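Listed here are the chains, written in short residue letters.
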Amino acid sequence: MTYSRIAGIGSYLPKNVVSNKDLEKTMDTSDEWIRERTGIKRRHIAADDEYTSTIGLEAARRAMQDAGVGPEDIDLIIVGTCTPDKVFPSTACIVQRQLGVNGGGAMDVNAACSGFIYGLDIANRFIKTGGAKTALVIGAETLSRITNWEDRGTAVLFGDGAGCVVLQASEEPGILATHIHANGEYEELLHVRSGISVAYDKTQAGEAFIEMNGNAVFKRAVATFDNIARETLADLDGELGDIDWFVPHQANMRIIKAAAKKLGMPMERVIATVDEHANTSGASIPLALDQAIREGRIKRGDTLMFAAFGAGFTWGSAMLKY
Ligand code: UT7
């Protein structure tokens, strides 16, 4: 049986760090409120000349080096992002060119905060069916570009960053199960009001900023993390005890703790980096994973559970042997 396995991982965070204290100077908020309500202490913000493609590219280079693969090996590039460089070409095509990769498919997947899990699911299916041998799955975001810095209810929550895994065909178990879902009914609870098609009439166009009903999204996120993790375990006839590490999307420390509690996962087995990265949407899981691996917490052979939830609503999970 052919599995797809994580052969390498890399991530990149912009150099510019903005602390809660920095935000206190420009909006009516406090370090105390942000830490208590979200667990966030600081976030990285892209420089003017950094784009989703440039930070995604750096994460990809690091992941390829970690895996020991070159541009000639890559036959699929998927970028999970809701902040692409341009309408077209896709950010994946821009990254492909800069990496010097020729051939194979390259595409963006917009599933908001679930973008990396969606990308992983798609790449896994390509590899298992022989459609690709070595894929890059990148989660990269420049959310600062769609943040309304005058809305304290959202501006304190988001950050920029990128993470990438190299997925390779292998006889050794890697990805064991993936699930992705969506329910478009909740579009307006978390969205960017104007875009390309909707804003064609400039008299109707609002500004392109993240808008969110935080409370409603919070409740849905907690319930969904629990359901999705259980669905994946049931699919594998597995039990929670089989999971060494739970790596959830990093939106809010309170959501992560509530989800872990519902699942009965002790916080010692949960990876949380939201304090340092804030919510980086599609980039949050590979960023958290890379940090935990570099710190020596997650090791080869460990069983991991990823779970994400985001605008759409979209949600998804993956269980794998690292
Ligand atoms: O990535 C997936 C999608 N996103 C999420 O999962 C985020 C989900 N939601 C959340 O994380 C939380 O709902 C928030 C962190 C956004 C908000 O926390 P909350 O406990 O739900 O607070 P709230 O929105 O009910 O606001 C409580 C109070 C309000 O004041 P009043 O009406 O009680 O006087 C807000 O105006 O806190 C106020 N507030 C702030 N105060 C200081 C809202 N934002 C801020 C702020 N600083 N930045």
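On a predicted model such as this, the values are computed, not experimentally measured, just so you know.

Undergrad: Run through the sheet that holds strand β7 (residues 160–170), naming residues and quoting values.
TA: Hydrogen bonds between backbone atoms are what pair the strands of a sheet, whose relative direction is either parallel or antiparallel. Taken in spatial order, the 5 strands of this open sheet run β1-β7-β6-β4-β5, and their pairing is mixed. Lying at the two open borders of the sheet, with one neighbouring strand each, are β1 (3–12) and β5 (105–109). The average undirected angle you get between the axes of adjacent strands in this sheet is 20°. For strand β4 (residues 76–80) and strand β6 (residues 134–142), the ladder comprises 5 bridges, and the chain directions are parallel. Its bridge partner lying in β6, Ile77 is registered against Leu136. Helix α3 (residues 52–67) rests against β1, β6 and β7 of the sheet, and its axis sits at about 125° to β1.

Undergrad: Break down the packing of α3 against helix α4 (residues 91–99) for me, citing the residues and quoting the values.
TA: Each pair of packed helices can be summarised by the angle the axes make with each other and by the distance between the axes. With their axes 9 Å apart at the nearest point, α3 and α4 run at an angle of 55° to one another. The orientation of α3 relative to α4 falls into the category oblique. Crossing of α3 against α4: the hand is right-handed. Across from Thr52, Ser53, Leu57, Ala60, Arg61 and Met64 in α3, the residues of α4 making contact are Thr91, Ile94, Val95, Gln98 and Leu99.

Undergrad: Could you give an account of the packing of aromatic side chains, with specific residues and numbers?
TA: What characterises a pair of aromatic rings is the spacing of the ring centres plus the angle enclosed by the ring planes. The final tally for this structure, using the stated rule, is 3 aromatic pairs. With a centroid separation of 5.2 Å and an interplanar angle of 20°, the aromatic rings of Tyr186 and Phe313 are classed as stacked. Of this pair, Tyr186 sits in the loop between β8 (175–182) and β9 (190–192) while Phe313 sits in the loop between β12 (303–310) and β13 (314–321), placing them 127 residues apart in sequence. With relative accessibility at 2%, the residue Phe313 sits in the buried group. Ring geometry for Phe309 and Phe313: centres 4.7 Å apart, planes at 45°, overall tilted. Residues Phe309 and Phe313 agree in their burial class; the two are buried. Through a chain of ring-to-ring contacts, three or more aromatic side chains come together here, namely Tyr186, Phe309 and Phe313.

Undergrad: Go over the site of the ligand with me, naming the residues and quoting the values.
TA: The environment of the ligand is formed by 23 residues, the closest being Thr29, Arg37, Asn215, Asn252 and Asn279. Here an oxygen atom of the ligand sits 2.7 Å away from a polar atom, N or O, in the side chain of Asn252. In isolation the ligand offers 960 Å² of accessible surface; the protein chains occlude 72% of this area. Counting residues per element, the ones that place at least two in the shell around the ligand are α2 (31–38), α6 (152–155), α7 (214–235) and α8 (253–263). Ranked by the residues each element gives to the shell around the ligand, the list is headed by α7, at 4 residues.

Undergrad: Just give me the short version of the sheet that holds β8, but keep the residues and values in it.
TA: Spatial ordering of the open sheet is given by β8-β13-β12-β11, a layout of 4 strands whose pairing is mixed. Both outer strands of the open sheet, β8 and β11 (245–248), are each paired with one neighbouring strand and no more. Averaged over neighbouring strand pairs, the angle between their axes works out to 10° when direction is ignored. Of the pairings in the sheet, the one linking β12 to β13 comprises 8 bridges and is antiparallel in character.

Undergrad: Any chance you could break down the domain arrangement of the chain for me, citing the residues and the numbers?
TA: Interfaces are often described in size by the accessible area the parts lose on coming together. We note that the domain assignment places domain 1 (3–172) and domain 2 (177–321) within the chain. Computed over C-alpha atoms only, the centres of domain 1 and domain 2 are separated by 14 Å. Contact residues are listed per partner, giving 49 residues for domain 1 and 45 residues for domain 2. Taking both partners together, domain 1 and domain 2 bury about 3700 Å²; carbon and sulfur atoms supply 63% of that area. With its nearest N and O atoms 4.0 Å apart, the salt bridge here joins Asp275 to Lys41. At the boundary of domain 1 and domain 2, one finds 18 residue pairs in polar contact (both at pLDDT 80 or more). Examining the composition of the side of domain 1 that touches domain 2, we find that 8 residues originate from one element, β1, more than from any other. Here the residues of the side of domain 1 that touches domain 2 are counted per class, giving 23 nonpolar, 16 polar and 10 charged.

Undergrad: Can you lay out the packing of α7 against α8 for me, pointing to particular residues and giving the numbers?
TA: As a packed pair, α7 and α8 sit with axes 9 Å apart at the nearest point and diverge in direction by 40°. Judged by the inter-axis angle, α7 sits oblique to α8. Every pair of crossing elements has a handedness; the one defined by α7 and α8 is right-handed. Across the interface between the two elements, Phe218, Ala221, Val222, Ala223, Phe225, Asp226, Ala229 and Arg230 of α7 pack against Arg254, Ile255, Ala258, Ala259, Lys262 and Leu263 of α8. Per-class residue counts for the contact of α7 with α8 are 10 nonpolar, no polar and 4 charged.

Undergrad: Quick one: what's the story with the pairing of β5, residue by residue and with numbers?
TA: Of the pairings in the sheet, the one linking β4 to β5 comprises 5 bridges and is parallel in character. From the neighbouring strand, Gly80 faces β5, where its bridge partner is Val109. On the question of chirality, the crossover connecting β4 to the parallel β5 by way of α4 is right-handed.

Definitions and cut-offs
- Residues numbered from 1 in each chain as written.
- Predicted model: local features only at pLDDT ≥ 70, side-chain atom pairs only at ≥ 80, totals over all residues.
- Heavy atoms only, no water.
- Pairing = 2+ DSSP bridges.
- Helix = DSSP H or I, 4+ residues; strand = E, 2+ residues; numbered from the N terminus.
- Axes fitted to C-alpha atoms, helices over the stretch in contact; angles between N-to-C directions.
- Contact = heavy atoms within 4.5 Å.
- Parallel < 35°, antiparallel > 145°, perpendicular 65-115°, else oblique.
- Left-handed = near helix turned anticlockwise from the far one by under 90°.
- Phe/Tyr/Trp six-rings, centres within 6.5 Å; stacked < 30°, edge-to-face > 60°.
- Buried < 20%, exposed > 50% of the residue type's maximum accessible area, 1.4 Å probe, protein only.
- Near = heavy atom within 4 Å.
- Polar contact = N/O pair within 3.5 Å; in protein donor to acceptor, adjacent residues only side chain to side chain.
- Areas by Shrake-Rupley, 256 points an atom, 1.4 Å probe, with all protein chains shown as cover.
- Domains from an automatic or database assignment.
- Buried area = accessible area lost by both parts, 1.4 Å probe.
- Salt bridge = Lys/Arg side-chain N within 4 Å of Asp/Glu carboxyl O.
- Nonpolar A, V, L, I, M, F, W, Y, C, P; charged D, E, K, R; others polar.
- Right-handed = clockwise from strand over helix to strand, strands pointing away.

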